Amino acid sequence: MSIIDIIRRGKKLKLFIFIGIPMIYLLIFFFIPFLIAFLYSLGMFKQVVYQYVFVPEPSLEYYSGLMKFPGIFKSIQRSFYYASLTTLGTFLISYPLTYYIGVKLEEKYRDLAVLIIFTPFWINFLLRVYAMRFILHEAGMINLILRLIGIISEPIKFLGTDTAVIIVMIYSYLIFMVLPLYGVLEKLDVELLEAAATLGATPFKAFIKITLPLSLPGILAGSLLVFIPAVGEFVIPELVGGPNTTTLGTIIYSFFLRVRGVTGWGIGSAAALIYIVLILVASYVYMKFVGGEVRLG
Amino acid sequence: MSYAVELINISKSFGNVRAVRNVSLQIRKNEFFSLLGPSGCGKTTTLRIIAGLEEPDSGVVKLDGKDVTYVPTHKRNIGMVFQTLALFPHMDVYDNIAFGLRMRNYPESEIRKRVKEMLEIVRLSGLEHRRIHQLSGGQRQRVALARALIVQPAVLLLDEPLGALDLKIRQHMMVELKRVQREVGTTFIYVTHDQSEAMVMSDRIAIMKDGVIQQIGEPYEIYMKPRNKFVATFIGDAINMIEGDYLEPGIVATSLGQIKTIASDEYFGKRVIVAIRPEKVLIGSEVTGDVDNVFEGTVSMTIFRGAFIEYRVMLGHDIEFIVFKPHVGSSAPLLTPGSSVKIGWNRDSGIILVE
Ligand SMILES: Nc1ncnc2c1ncn2[C@@H]1O[C@H](COP(=O)(O)OP(=O)(O)O)[C@@H](O)[C@H]1O
Ligand SMILES: [Mg+2]
């Protein structure tokens, strides 16, 4: 009996391969680190020289330490502000784009069009963000164009502002919105819109009653895929922002990598847990709100 | 009185495919009109032009006497049942049917009343809160029909609506469609590639081939007087054909010898086809002395078809005749393959066709 036959015959083995292995993977690389961070944030896990010590009594010391950190609430607020605008921005750009590609464009050109949208994302993320720095710089392309067409006389300072962070975040997260939207819109049966027209629906009403509800699963997936990591974003605010663009992500980052030590990791873990809780609450509310509308046949 | 639908010299090409060529049709109010033809002959395209889903390259579309050639679909008072049905998957039966009324901003109380009535007409009462994927093929069909009919369109366009159903359900739905059409009193334009569907339901049929209308007429007329070989073969179960030359009035010279036909000057000197429906052919003892055309043949096959018996009879080497014989009240034994038999038909049973 070959190994393939053994796999084919063994029902339990199959179950193990298809469900067990992914579960073990998740356990080792997701749940256990999560547990460690949780214990860290409660001060129950400490590194003393090169030894890890388990302290059986939880304390909220790191959480209160985090709360006392200057500007923490403003930063959390800012994280959500950036993430919301990024989600909205990627949606507003992606929807018409993917609608055009997935519904209007002739089928044979669709894959090519999607590929073209992807090309910038073949370049390393850091390179792209740096390129955006050049574009947004006072002597950069945007200012140059604005000055040439006479809209401004003095260069606008983008770098270091919310605007710069949001522009670059929208750009960086765009494909995470494009893909799920394209997925649903490409499958949209145009005949449904024609049927709506024969029933007296104007193109606008057909869009509201048919296209939009049928693309809700894509909108839901896309906005979660953008929103969740965007709340934790720390590289972009670091690279194109400044002292006024601190986010929850940059705080976690600096506690772990700048402050370090038992306190740095403790407070960093506390911040990470707060991040997770906030994300869970926000996603739950969002799915209840939008997801309740999603009913597919 | 104006026609419900009038097409004047409509043409439409896709690239170099000429889907519809110079089609003219006049469809009367409350008529059950069928567009019949093989797949790819341009039926759907014609229907979509009437609906305004496709713009013709040339020609005029009139609905109730008004030129609507460039009026968008949602402003034409039509209903359509799509070949794929195109039911809205995210809505239940009720919302699908109510859609057209909602687009017209009817009050919900009125909508409720009308949907209820419509559900009764299409016999779907009690299923209003089913989702589309929970329905059988026949039920979906009815939902599509109800959804299109509820807005009381002046014309209902149906694109092979029964294509996907089993034979039994299809036969049942044919009768239902006819009943609904009488009940709501609307013009139906029914597209199909199935000649029996068209024959059963239609007041008139237009037969299409390669984008061109071949013949328009009542089922009886089309069956009895097909205008060309294509129509003759497309309509009906089968037809026997013999080629020959129309040299003398009422006589066609064929490889079987002379065949007596009805006399008509228009065929004089032409190569023609004499066509005879299988049920018009007399066989065995039915062939008496006063039958116009009589031939000797050999039975090559005897097929019991239920309501009748089908004989295949070879005349000479290469002409096979199909003969249908009802067996009601006849206790005569079946003709066995291999036996010699006489067949014949009277001159007025033969149809003369030009290619
Ligand atoms: N959108 C289209 N693009 C290209 N060719 C088409 C299109 N629609 C129909 N055709 C072509 O036009 C011809 C008639 O099609 P159609 O009207 O769908 O025929 P039917 O409904 O009788 O089967 C076919 O050859 C078909 O391939
Ligand atoms: Mg068709």
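These figures come from a predicted structure and were not determined experimentally.

Chemist: Mind laying out the sheet that holds strand β1 (residues 5-14) of chain B, listing which residues take part and the relevant values?
Modeler: Residues and elements named next belong to chain B. With antiparallel pairing, four strands are arranged side by side in an open sheet as β2-β1-β4-β5. Edge strands, defined here as strands with exactly one partner in the open sheet, are β2 (17-27) and β5 (66-67). In this sheet, β2 lies alongside β1 in antiparallel orientation, the contact comprising seven bridges. Paired with Glu6 across the bridge in β2 is Gln26. Strands β1, β2 and β4 (58-63) of the sheet are contacted by helix α1 (residues 43-51), whose axis makes an angle of about 120 degrees with β1.

Chemist: How would you summarise the site of ligand 1 if you had to cite specific residues and measurements?
Modeler: Residues and elements named next belong to chain B. By nearness alone, every residue bordering ligand 1 is listed as Phe14, Val17, Ala19, Pro38, Ser39, Gly40, Cys41, Gly42, Lys43, Thr44 and Thr45. Taking Lys43, its main chain carries an N or O atom lying 2.9 Å from an oxygen atom of ligand 1. At 2.6 Å, a side-chain N or O of Thr44 approaches an oxygen atom of ligand 1. Its residues assigned to classes, the shell around ligand 1 shows five nonpolar, five polar and one charged.

Chemist: Let's hear about the sheet that holds strand β6 (residues 78-81) of chain B: which residues, and what values?
Modeler: All names here are of chain B. One open sheet holds the six strands; their spatial order is β6-β7-β8-β3-β9-β10, and the pairing between them is mixed. Because the sheet does not close on itself, it has two edges, and the strands there are β6 and β10 (212-217). Averaged over all adjacent pairs, the angle separating strand axes in this sheet is 15 degrees, with direction ignored. Pairing between strand β3 (residues 32-36) and strand β9 (residues 204-209): four bridges, direction parallel. Bridge pairing in β9 places Ser34 opposite Ile205. Against the sheet, helix α4 (residues 137-149) engages β6, β7 (155-159) and β8 (187-192), with an angle of about 170 degrees to β6.

Chemist: Go over the side chain of Ser41 of chain A, please, and point to the residues and values.
Modeler: Residues and elements named next belong to chain A. Tracing the chain through its elements places Ser41 in helix α2 (residues 11-41). Judged by its relative accessible area of 0%, Ser41 is buried. A polar contact of 2.8 Å, which involves the side chain of Ser41, links it to the backbone oxygen of Phe38. With residues up to four places along the chain from it excluded, the contact list for Ser41 reads Ser59, Tyr62, Tyr63, Gly266, Ser269, Ala270 and Leu273.

Chemist: Residue-level account of the interface of chain A and chain B, with values.
Modeler: The interface is formed by 20 residues belonging to chain A together with 24 residues belonging to chain B. Between chain A and chain B, the buried area comes to about 2000 Å², and carbon and sulfur atoms account for 66% of it. At the boundary of chain A and chain B, one finds one salt bridge. A salt bridge links Glu194 of chain A to Arg48 of chain B; the shortest N-O distance between them is 2.7 Å. Between the two partners, chain A and chain B, sit five residue pairs in polar contact (both at pLDDT 80 or more). When contributions to the side of chain A that touches chain B are tallied by element, the ones reaching two or more residues are α9 (190-198) and α10 (203-231) of chain A. The leading source of residues in the side of chain A that touches chain B is α9 of chain A, at seven residues. Of the residues belonging to the side of chain A that touches chain B, the class tally is eleven nonpolar, four polar and five charged.

Chemist: Run through the layout of surface pockets, naming residues and quoting values.
Modeler: Taken as a whole, the largest pocket holds about 480 Å³ of empty space. What lines the largest pocket is a set of 21 residues, and nearest its centre among them are Met224, Lys225, Pro226, Ile262 and Ile351 of chain B. Two domains each put at least three residues into the lining of the largest pocket: domain 1 (5-232) and domain 2 (239-353) of chain B. Of the pockets and cavities examined, the second largest pocket occupies roughly 380 Å³. When residues of the lining of the second largest pocket are traced back to their parent elements, those giving at least two are α4 (72-104), α9 and α10 of chain A. Looking at the lining of the second largest pocket residue by residue, the class counts come to eleven nonpolar, five polar and two charged.

Chemist: Before we move on, can you summarise the packing of helix α8 (residues 162-186) of chain A against α10 of chain A with the specific residues and values?
Modeler: Residues and elements named next belong to chain A. For the pair α8 and α10, interaxial distance at closest approach is 8 Å and the crossing angle is 150 degrees. With respect to each other, α8 and α10 are oriented roughly antiparallel. Seen from above, α8 lies across α10 with right-handed handedness. Residues of the contact of α8 with α10, tallied by class, amount to 16 nonpolar, five polar and no charged.

Chemist: Explain the domain arrangement of chain B residue by residue, including any values.
Modeler: Residue and element names in this part refer to chain B. Along its sequence, chain B is carved into domain 1 (5-232) and domain 2 (239-353). Taking only C-alpha atoms into account, the centre of domain 1 sits 39 Å from that of domain 2. Opposite the seven residues of domain 1 that make contact, domain 2 presents eight residues. A combined buried area of about 690 Å² lies between domain 1 and domain 2, and 61% of that area is made up of carbon and sulfur atoms. Of all residues in domain 1, Tyr223, Lys229 and Ala232 give up the largest surface area on contact with domain 2, accounting jointly for 67% of the area buried on that side.

Definitions and limits used
Residues numbered from 1 in each chain as written. Chains lettered and ligands numbered in written order. Predicted model: local features only at pLDDT ≥ 70, side-chain atom pairs only at ≥ 80, totals over all residues. Heavy atoms only, no water. Pairing = 2+ DSSP bridges. Helix = DSSP H or I, 4+ residues; strand = E, 2+ residues; numbered from the N terminus. Contact = heavy atoms within 4.5 Å. Axes fitted to C-alpha atoms, helices over the stretch in contact; angles between N-to-C directions. Near = heavy atom within 4 Å. Polar contact = N/O pair within 3.5 Å; in protein donor to acceptor, adjacent residues only side chain to side chain. Nonpolar A, V, L, I, M, F, W, Y, C, P; charged D, E, K, R; others polar. Buried < 20%, exposed > 50% of the residue type's maximum accessible area, 1.4 Å probe, protein only. Buried area = accessible area lost by both parts, 1.4 Å probe. Salt bridge = Lys/Arg side-chain N within 4 Å of Asp/Glu carboxyl O. 1 Å grid on protein atoms, 1.4 Å probe; cavity = no way out; pocket = protein on both sides within 12 Å on 5 of 7 lines; lining within 4 Å. Points joined across faces, edges and corners; volume = space filled by probe spheres on them. Domains from an automatic or database assignment. Parallel < 35°, antiparallel > 145°, perpendicular 65-115°, else oblique. Left-handed = near helix turned anticlockwise from the far one by under 90°.

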